[in-house]
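Summary of structural features
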Amino acid sequence: MASTEELARTERSTLQEMARRHLWMHFTKMGSYDDEHEIPIITRGEGCYVYDEHGKRYLDALSALFCVNIGHGRADIAQAGADQAKDLGFYTNWTYAHPPAIELAARIADLAPGDLNRVFFTSGGSEAVESAIKLARQYHKVTGNPNKTKVIAREIAYHGTTLGALSATGIASLKTPFEPTTPGMYHVPNTNTFRLPRGLDATQLADTVAEKIEFLGPDTVAAVIMEPVQNAGGSFVPPEGYWQRVREICNEYNVLLISDEVICAWGRLGEWFGGFKYDYVPDLITTAKGITSSYAPMGCVIASDRVADPFVNGDASFMHGLTFGGHPVASAVAMANIDALESEGVIENVRANQDLFRSKLETLLELPIVGDVRGTGYFYALELVPDKNSDAQFTDEQSEVLLRGFLSGELYRNGLICRADDRGDPVVQLSPPLISGPEQFDEIVSILRPVLTQAGEMMQARG
Ligand SMILES: Cc1ncc(COP(=O)(O)O)c(C=O)c1O
């Protein structure tokens, strides 16, 4: 007779079996999947919704991972990749060029702010950040400032996982397993105005960058990297004037300003790029994800004419390359995606609906567990607190119970994909496809309200 365990095994799908046996999932406690906890296997998507292997529908209020901006299931975008693969499946940007990468670079230059006219392609966001840091260092070396190597990022910010990008990342728990990380990365306070760091007031936050540069020695600092709106910690928007002041500081100290827009570009904030929202022009933009709406993996660094100049008009060559940077299939997909974002008024959809999105989410402030609703565009976070009438915060252990022990699973069971995260304080992050509107906002709130109510009661009961 088969044991209970064997019976459970035979009832599991072959995909579950294979995933458990062979797939190494990212940032996942793989041992947590047992007979009661299936690996969520998503098999198809359509618009704002995805379906699992049992055919159950979910509202994808995270755009997979802040990246399927145009929505799921676009045959035309897939077709653009297939057509390109037939003509030229692959060629490289190492010494050679090909039409899809050339045309895409020109299109991006046209959309980017200021004189950011030169595009270095990568396969994703970490590689873009890694490339920008290397470019900043080499730029200073070839322009006579060989000691300018240090990079300043912000606390709790996520800039990726490859060793260089990981060093810029300001989340200790992601770094300690891999130490030593790349040296020369430093952090300043982020723009968490819900809990202002170290007694600062919001108008002083940008100046912490100048203080750090002075402390490190202006001749040693190559770049500052920050997101237009910081994701990790939960959609920290910049206070009024913040970006202008950081730009001023970078100019004053000849430090390159890198705007990490792996999430924030391509309409997420209701603009093509963050600089249009907050009125600044960086020296470098790093981006990925929404560039193709993630129908193909791609990222890039967009460089200003000033930064590109020594490499274009001088003798220097950027000593860096990635086999798949500017992959023709990904480039064709990106072009089709950008065409669709433009011709279908997708960014205008965000602008038209963003206030409604915010006001719907703000109704959740009625719940004692929701301490703050913050963000902009289609990029929001709800911060969860034990009691919003006090300054109390959940402990790490309480966060674990609340987020991974309850919320993540319960929201998913109720058909909502979002992210319950505590890389800073515990937050629920929402970042729906840019084609979503009032119907999806209502659905998000109608699932969040009872689940968060239950979560609040559960945490109260635990004490
Ligand atoms: C701001 C930022 N930079 C870099 C990265 C790393 O991108 P990737 O996961 O494509 O390597 C991310 C990923 O979410 C990000 O949000």
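Residues numbered from 1 in each chain as written. Predicted model: local features only at pLDDT ≥ 70, side-chain atom pairs only at ≥ 80, totals over all residues. Heavy atoms only, no water.

A few points about the overall build of the protein
Along the protein, the regular secondary structure elements total 16 helices and 15 strands. For the protein, the C-alpha radius of gyration of 23 Å lies close to 23 Å, the compact-globule estimate for 463 residues. Contacts in the protein between residues far apart in sequence, at least 24 positions, make up 71% of those at least 6 positions apart. Accessible surface for the protein amounts to roughly 20,100 Å². Of this, 53% is attributable to carbon and sulfur atoms. Averaging the locations of the 39 positively and 61 negatively charged side chains of the protein gives two centres separated by 3 Å. (Helix = DSSP H or I, 4+ residues; strand = E, 2+ residues; numbered from the N terminus. Rg over C-alpha atoms; globule rule 2.2 N^0.38 Å. Contact = heavy atoms within 4.5 Å. Areas by Shrake-Rupley, 256 points an atom, 1.4 Å probe, with all protein chains shown as cover. Lys, Arg positive; Asp, Glu negative; His and termini not counted. Charge placed at Lys NZ, Arg CZ, Asp CG, Glu CD.)

Thoughts on unusual backbone geometry
Following glutamate 179, the chain continues to proline 180 via a peptide bond in cis, the omega torsion being 5 degrees. Positive phi is not limited to glycine here, since threonine 95 has a value of about 70 degrees. Secondary-structure assignment places threonine 95 in the loop between helix H4 (75–87) and helix H5 (99–111). Unusually for a residue other than glycine, serine 294 sits at a positive phi of about 65 degrees.

Looking at the environment of tryptophan 243
Tracing the sequence through the fold places tryptophan 243 in helix H10 (residues 242–253). Taking relative accessible area as the criterion, tryptophan 243 reaches 1% and is therefore assigned buried. Between the alpha carbons of tryptophan 243 and phenylalanine 178 there is a distance of 32 Å; along the sequence they are 65 residues apart. The contact partners of tryptophan 243, leaving out residues within four places of it in the chain, are Met226, Glu227, Pro228, Pro238, Leu257, Ser259, Tyr278 and Tyr280. (Buried < 20%, exposed > 50% of the residue type's maximum accessible area, 1.4 Å probe, protein only.)

So, the nonpolar core
Counting 70 residues, the largest nonpolar core has Trp266, Leu361, Leu384, Leu407, Leu448 and Leu452 as the members making the most contacts within it. Tallying contributions element by element places helix H16 (residues 438–462) first for this core, with nine residues. Counting 32 residues, the second-largest nonpolar core is a separate cluster that includes Leu62, Tyr242, Trp243 and Phe379. (Core = buried A, V, L, I, M, F, W, Y, C linked by side-chain atoms within 4.5 Å.)

Considering the sheet that holds strand E2 (residues 49–52)
Read across the open sheet, the four strands follow the order E1-E2-E3-E13; overall the sheet is mixed. What marks the edges here is a single partner per strand, and that holds for strand E1 (42–46) and strand E13 (416–417). Sheet analysis places E1 next to E2, joined by four bridges and oriented antiparallel. Paired with isoleucine 42 across the two strands is aspartate 52, which belongs to E2. Seen against the sheet, H16 touches E2, strand E3 (57–60) and E13 and runs at an angle of roughly 105 degrees to E3. (Pairing = 2+ DSSP bridges. Axes fitted to C-alpha atoms, helices over the stretch in contact; angles between N-to-C directions.)

Notes on the site of the ligand
If you check the shell around the ligand, you find Gly124, Gly125, Ser126, Tyr158, His159, Gly160, Glu227, Asp260, Val262, Ile263 and Lys289 and nothing else. Within the side chain of aspartate 260, a nitrogen or oxygen atom sits 2.7 Å from a nitrogen atom of the ligand. Contacts to the ligand include lysine 289, whose side-chain N or O atom sits 3.0 Å from an oxygen atom. Of the residues in the shell around the ligand, the class split is three nonpolar, five polar and three charged. (Near = heavy atom within 4 Å. Polar contact = N/O pair within 3.5 Å; in protein donor to acceptor, adjacent residues only side chain to side chain. Nonpolar A, V, L, I, M, F, W, Y, C, P; charged D, E, K, R; others polar.)

Points about the pattern of salt bridges
A side chain of one charge can pair with a side chain of the opposite charge when the charged atoms of the two come close. Scanning the model with the defined rule gives 25 salt bridges in all. As a salt-bridge pair, aspartate 339 and arginine 107 come within 2.7 Å of each other at their nearest N and O atoms. Of the two residues, aspartate 339 sits in helix H13 (residues 328–343) while arginine 107 sits in helix H5, which places them 232 residues apart along the sequence. Owing to a relative accessible area of 17%, arginine 107 belongs among the buried residues under this scheme. Arginine 195 is paired through a salt bridge with glutamate 383; the nearest N and O atoms lie 2.9 Å apart. Linking arginine 195 in the loop between strand E6 (185–188) and helix H9 (207–216) with glutamate 383 in strand E12 (residues 379–384), this pair joins segments that are 188 residues apart in sequence. Overlapping salt bridges, with partners in common, bring together Arg195, Asp372, Arg374, Glu383 and Asp425 in one network. (Salt bridge = Lys/Arg side-chain N within 4 Å of Asp/Glu carboxyl O.)

Re helix H14 (residues 346–362)
Relative to the 24 Å expected for 17 residues at 1.5 Å per residue, H14 spans 24 Å between its end C-alpha atoms, a close match to the ideal helical length. Remark: the principal bend of H14, roughly 50 degrees, maps to asparagine 353. Every buried residue belonging to H14 is among Val346, Ile347, Val350, Asn353, Gln354, Phe357 and Leu361, and all of these are buried. (Expected span 1.5 Å × (residues − 1). Bend = angle between axes of the 7 residues up to and from the residue.)

Thoughts on the layout of surface pockets
Taken as a whole, the second largest pocket encloses approximately 880 Å³ of empty space. Lining the second largest pocket are 28 residues, with Asn93, Arg118, Val119, Phe120 and Phe318 sitting closest to its centre. Those elements that provide at least two residues to the lining of the second largest pocket are H5, strand E4 (116–122), strand E10 (299–304) and helix H12 (305–312). Take the lining of the second largest pocket: its biggest share by element is five residues, from E4. Here the residues of the lining of the second largest pocket are counted per class, giving 20 nonpolar, seven polar and one charged. (1 Å grid on protein atoms, 1.4 Å probe; cavity = no way out; pocket = protein on both sides within 12 Å on 5 of 7 lines; lining within 4 Å. Points joined across faces, edges and corners; volume = space filled by probe spheres on them.)

A short note on the packing of aromatic side chains
All chains considered together, the criterion is met by 14 aromatic pairs. Measuring from centroid to centroid gives 4.2 Å for tyrosine 58 and tyrosine 412, while their planes differ by 10 degrees, and the two rings are stacked. Pair noted here: tyrosine 58 is in strand E3 and tyrosine 412 is in helix H15 (residues 396–413), with a separation of 354 residues, a long-range link. What makes tyrosine 58 buried here is its relative accessible area of 3%. When its relative accessible area of 21% is taken as the criterion, tyrosine 412 is described as partly exposed. The interplanar angle of 5 degrees and the centroid separation of 4.0 Å between the aromatic rings of tryptophan 243 and tyrosine 280 together place this pair among those described as stacked. (Phe/Tyr/Trp six-rings, centres within 6.5 Å; stacked < 30°, edge-to-face > 60°.)

None of this, on its own, says anything about what the molecule does.
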